Amino acid sequence: MNTKRFFITFTLPVFTGCMIITGCTAKNNPDVPETVAAGSTAVLNEKNTVSAIPAEAAFFAMDTFMTLTAYGENAAAVVQEGESLVNDIENRLSTEIETSAVSKLNKEKTAVLDDDTAHLLEQAMEAWQLTDGAFNISLYPLLKEWGFISQNYKVPSADTINDILENTDLSEISFDKKTNEIEFENKAMEIDLGGIAKGYTSDALIKLFKDKGIASGMVNLGGNVQLLGTKPDGSLWRVGISSPYENTDFIGILTASDVAVITSGGYERNFKQDGRYYHHIMDPATGYPADKGLISVTVISKDAIMADALSTALYVMGRDKALDFWKSHSNDFETILMDDTDMLYVTEGISESFTSDTFSTTVVRK
Amino acid sequence: MSGFKIIKRADIILIAAIVVAGIWLSAVLILGKSEGQTLRVTVDGKLYGTYNTSIDSTVTVSNGEDLNTFEIKNGRVDMVNANCPGFDCVHEHSIGKHGETIVCLPHKVVLEITGNEKEVDAVAR
Ligand SMILES: [Zn+2]
């Protein structure tokens, strides 16, 4: 047991206990959070200052469960507005909604996009180039074939996979930045912005929070977490990184503010056929689930769109390539990798803010 | 062995037992990890029920045709059965700490641990 752990285990509870005995109220005690039911409204205390009780909206959208949390005046109205913002974005980007801009594009192979969607598409194309193809938005037909959209899972034949991979070269998309006109030169191509849609949405939500004067908040879009400011008491947010293992809750805990924390892992959505497990993170080079020895990848960045794209891309790259990639982009993001020997690799920018009680950790330096 | 020695040894055992029990009780009361946690279950945003995670039980959440069975054991909650497509919720690992959730997306069922001692504000996954 190291000293820090000892302090947390023994000193903190005693301290907390003393505060309870001396009649310190929960409102002033940061260690005693107050639970608020999903969808309830913010409560301002008598002095009408920022309450320690957050406003929260919890709902299902984009095929995940989302929680928006905000502190401060108007917080209740802001999280409600956030929920409609999510619905608007989903209606624009979802491949599952026939009338969305993306669905229309997939059907007609050409479209004039609105500025926001066009900009997002541009970022998706940039991520494809930046990651040398490890992030690719044109794998939608492949995911359908594997059954990851319908959840009727099956392993496609090698021929089917190779045929589909013929239609995943993003250089066959022509895009006019001035007119927002986009066209698939390859008419079999279909795209899905799902790989960055949540990052894009959480970014948009945090912008909305800021515009409305919220200084402290958090959005959790099915496990894609983005933090605004610190907690109301000035302390850092604590984000647990989910563990792939049944007997462990977290790989470790990260303390942070003002960043997106996005994790990808093959253990999340998978199926078993003929004694083998197949997960949903596809390697665009092979058309099969990425299998480069990583179990979990977390990306921490101020840019949630990039964090979303990179969490997938680094998983596809594998440890060595992922760490090389970080070394050449270390100003833009930090990462926590877990490989199949259960070793953690944590980049130096967050090495002080990340702790794991369970797994051995190697700090990666430039 | 003399009687004196036996009493002395029993004393030591008693003291040791009291100390161990004391530490255990303090840990349980103060850390509140295995005691005092509540499982909150919602279906499509509506409260379905709350359950004390210190009481072992098996509960089936039924909503029309949709069934989700979870088990509470040793302070941990696990989805053990469901008739949803894909069974993603059943594949998720068990939960036991404040802030952790198991979500069944097709059935809009959320199992969420709440309690006094909040270990994390959010879980990235
Ligand atoms: Zn389910």
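Throughout what follows, the structure given in this document is the object of discussion.

In terms of helices and strands, chain A carries nine helices and 17 strands. Classification of the 366 residues of chain A by burial places 54% in the buried group. Restricting the contact set of chain A to residue pairs at least 6 apart, pairs at least 24 apart contribute 55%. For chain A, the accessible area works out to roughly 16,700 Å², and carbon and sulfur atoms hold 49% of it.

Moving on, we get to the coordination of the zinc ion. Residue and element names in this part refer to chain B. Listed as protein donors to the zinc ion are Cys84 (SG), Cys89 (SG) and Cys104 (SG); their distances from the metal cover 2.2 to 2.3 Å. Between consecutive donors of the zinc ion, the numbers of intervening residues give the motif C-x4-C-x14-C. Note that Cys89 is positioned in helix 2 (residues 88-91) and Cys104 in strand 6 (residues 101-104), a separation of 15 residues in sequence. Under the relative-accessibility criterion, Cys104 is labelled buried at 1%.

On to the pairing of strand 12 (residues 276-279) of chain A. Residues and elements named next belong to chain A. As paired elements, strand 11 (residues 270-273) and strand 12 share four bridges and run antiparallel to each other. In the strand pairing of strand 12, Phe271 is matched with Tyr278. Linking strand 11 to strand 12, which pair antiparallel, is a turn of two residues; within it Asp274 sits at a positive phi near 50 degrees.

All right, on to helix 3 (residues 101-108) of chain A then. Residues and elements named next belong to chain A. Among the residues making up helix 3, those that are buried are Val102, Ser103, Leu105 and Asn106. Considered in projection along helix 3, the buried side chains sweep an arc of 160 degrees and stay on one side of the axis. Facing away from the buried surface of helix 3 by more than 90 degrees, the exposed residues are Lys107 and Glu108. Contacts made by the buried residues of helix 3 are with helix 2 (75-93), strand 3 (110-112), helix 5 (140-146) and strand 5 (181-184).

We now examine the pattern of salt bridges. Counted by the stated rule, this structure contains 17 salt bridges over all chains. Here Lys231(A) and Asp121(B) are joined by a salt bridge, their closest N and O atoms 3.2 Å apart. Placement of Lys231(A) in the loop between strand 7 (224-228) and strand 8 (237-242) and of Asp121(B) in the loop between strand 7 (109-114) and strand 8 (122-124) is noted, with the two residues assigned to different chains. For Asp121(B), a relative accessible area of 13% corresponds to the buried category. Ionic pairing is found between Arg76(B) and Asp249(A), a salt bridge with its closest N-O pair at 2.9 Å. Of this pair, Arg76(B) sits in strand 5 (residues 76-82) while Asp249(A) sits in the loop between strand 8 and strand 9 (250-256), placing the two residues on different chains. Shared partners join several salt bridges into a network, and the residues in it are Asp249(A), Arg76(B), Lys97(B) and Glu119(B).

Residue and element names in this part refer to chain A. Over its 19 residues, helix 2 runs 27 Å from end to end, which matches the ideal 27 Å to within 8%, given 1.5 Å per residue. Here helix 2 has its buried residues at Ala75, Ala76, Val78, Val79, Gly82, Val86, Ile89, Glu90, Arg92 and Leu93. Along its buried surface, helix 2 packs onto strand 1 (55-61), strand 2 (64-71), helix 3, helix 4 (115-130) and helix 7 (194-211).

It is worth spelling out the nonpolar core at this point. Residues and elements named next belong to chain A. Judged by nonpolar contacts, the single largest core of 73 residues is most densely connected at Leu68, Ile191, Leu193 and Phe209. Examining the composition of this core, we find that eleven residues originate from one element, helix 8 (residues 304-317), more than from any other. Not counting the four nearest positions on each side in its chain, Leu193 is found in contact with Leu93, Val102, Leu120, Leu121, Ala124 and Ile137. With 24 residues, the next largest nonpolar core counts Leu227, Val259, Val261 and Val346 among its residues.

The residue Asp132(A) is not glycine, and still its phi comes out positive at about 60 degrees. Mapped onto the secondary structure, Asp132(A) falls in the loop between helix 4 and helix 5.

Scanning all chains against the criterion turns up one cavity of 30 Å³ or more. By volume, the largest cavity is sized at about 50 Å³. For the largest cavity, the full set of lining residues is Ser242(A), Glu92(B), His93(B), Ile95(B), Glu100(B), Thr101(B), Val123(B) and Arg125(B). Split by residue class, the lining of the largest cavity holds two nonpolar, three polar and three charged.

This paragraph deals with the layout of surface pockets. Gaps left between atoms show up when a probe the size of a water molecule is rolled over them. All names here are of chain A. When its volume is computed, the second largest pocket comes out at roughly 580 Å³. Lining the second largest pocket are 28 residues, and of these Gly266, Tyr267, Asn270, Tyr277 and His279 lie nearest its centre. Among the secondary structure elements, those contributing two or more residues to the lining of the second largest pocket are strand 11, strand 12 and strand 13 (294-301). Its residues assigned to classes, the lining of the second largest pocket shows eleven nonpolar, eight polar and nine charged.

What follows concerns the sheet that holds strand 13 of chain A. Residues and elements named next belong to chain A. Strand order in the open sheet formed by nine strands is 1-2-6-7-10-13-14-15-17, with mixed pairing between adjacent strands. Each of the sheet's edge strands pairs with one partner strand only, and the pair in question is strand 1 and strand 17 (361-364). Within this sheet the neighbouring strands show an average axis-to-axis angle of 10 degrees, counted without direction. Bridge analysis of strand 13 against strand 14 (residues 334-339) gives six bridges, and the strand direction is antiparallel. By the bridge assignment for strand 14, Ile300 is matched with Glu334.

Residue and element names in this part refer to chain A. This model, assessed by the stated rule, comprises twelve aromatic pairs over all chains. Seen from their ring centres, Tyr71 and Trp237 are 6.3 Å apart, and the 45 degrees between their planes marks the pair as tilted. Remark: Trp237 occurs in strand 8 and Tyr71 occurs in strand 2; sequence separation between them is 166 residues. Residue Tyr71 is classed as buried on the basis of its relative accessible area of 13%. The class for Trp237 is buried, based on a relative accessible area of 1%.

This part takes up the interface of chain A and chain B. If you look at the interface, chain A gives 41 residues, while chain B gives 34 residues. The junction of chain A with chain B conceals about 3,200 Å² of combined surface from both sides, 54% of it contributed by carbon and sulfur atoms. On the chain A side of the interface with chain B, the three residues burying the most area are Phe60(A), Glu246(A) and Asp249(A), jointly 21% of the side's total. For Arg269(A), the salt bridge goes to Asp88(B), with nearest N and O atoms at 3.2 Å. The tally of links between chain A and chain B comes to 13 residue pairs in polar contact (both at pLDDT 80 or more). Those elements that provide at least two residues to the side of chain A that touches chain B are helix 1 (3-21), strand 2, strand 6 (216-221), strand 7, strand 8, strand 9 and strand 10 (260-265) of chain A. When residues of the side of chain A that touches chain B are assigned to their parent elements, the largest contribution, six residues, is made by strand 8 of chain A. Its residues assigned to classes, the side of chain A that touches chain B shows 18 nonpolar, 14 polar and nine charged. Judged from the three bridges that link them, strand 8 of chain A and strand 8 of chain B form a sheet pairing that is parallel. Bridging from a neighbouring strand, Gly240(A) pairs with Val123(B) of strand 8 of chain B.

Calculation criteria
Residue numbering note: each chain is counted from 1, following its sequence as written. The order in which chains are written sets their letters, starting at A; the order in which ligands are written sets their numbers, starting at 1. Whole-chain, interface and lining totals are the exception, using all residues; otherwise, since this is a predicted model, local features are given only for residues with pLDDT of at least 70 and side-chain atom pairs are given and counted only at 80 or more. Hydrogens and waters are ignored; side-chain quantities use all the structure's heavy atoms. Here a helix means four or more residues in a row that DSSP labels H or I, a strand means two or more in a row labelled E, and each is numbered from the N terminus. Under the scheme applied here, a residue whose accessible area is under 20% of the maximum for its type counts as buried, over 50% as exposed, and between as partly exposed, the area being computed with a 1.4 Å probe on protein chains only. By definition in these notes, contact holds between two residues if any of their heavy atoms fall within 4.5 Å. Shrake-Rupley sampling with a 1.4 Å probe provides the accessible areas, and residues are treated as covered by the protein chains on show and by no other component. Metal donors: N, O and S atoms at distances within 2.8 Å, or within 3.2 Å for Na, K and Ca, with water omitted from the atom set so that some sites may seem incomplete. In this analysis, strands are considered paired if DSSP registers two or more bridges between them. An arc is given here, and it is the one of the directions from the helix axis to the C-beta atoms. By definition here, a salt bridge exists when the distance from a side-chain nitrogen of Lys or Arg to a carboxyl oxygen of Asp or Glu is within 4 Å. Under the convention used throughout, the expected extent of a helix is 1.5 Å for every residue step, that is, one less than its residue count. Residues belong to one nonpolar core when they are buried, are Ala, Val, Leu, Ile, Met, Phe, Trp, Tyr or Cys, and are joined through side-chain atoms within 4.5 Å. Cavity means a closed set of points on a 1 Å grid over the protein atoms alone, one where a 1.4 Å probe fits but cannot get out, pocket means an open set with protein on both sides within 12 Å along at least 5 of 7 lines, and lining means a residue has an atom within 4 Å of a point. Grid points are joined across faces, edges and corners, and a volume is the space filled by probe spheres set on the points. Charged means Asp, Glu, Lys or Arg here, nonpolar means Ala, Val, Leu, Ile, Met, Phe, Trp, Tyr, Cys or Pro, and polar covers whatever is left, Gly included. Axes here refer to lines fitted to C-alpha atoms; in helices the fit is confined to the stretch in contact. Angles between the N-to-C directions go from 0 to 180 degrees. Aromatic rings from Phe, Tyr and Trp, with only the six-membered ring used for Trp, were paired whenever their centres fell within 6.5 Å, and each pair was classed as stacked if the ring planes differed by under 30 degrees, edge-to-face if by over 60, and tilted otherwise. Buried area: the accessible surface (1.4 Å probe) lost by two parts on joining, summed over both. In protein, a polar contact requires one atom able to donate a hydrogen and another able to accept it; more generally it is a pair of N or O atoms within 3.5 Å, and residues adjacent in sequence count only if both atoms are side-chain atoms.

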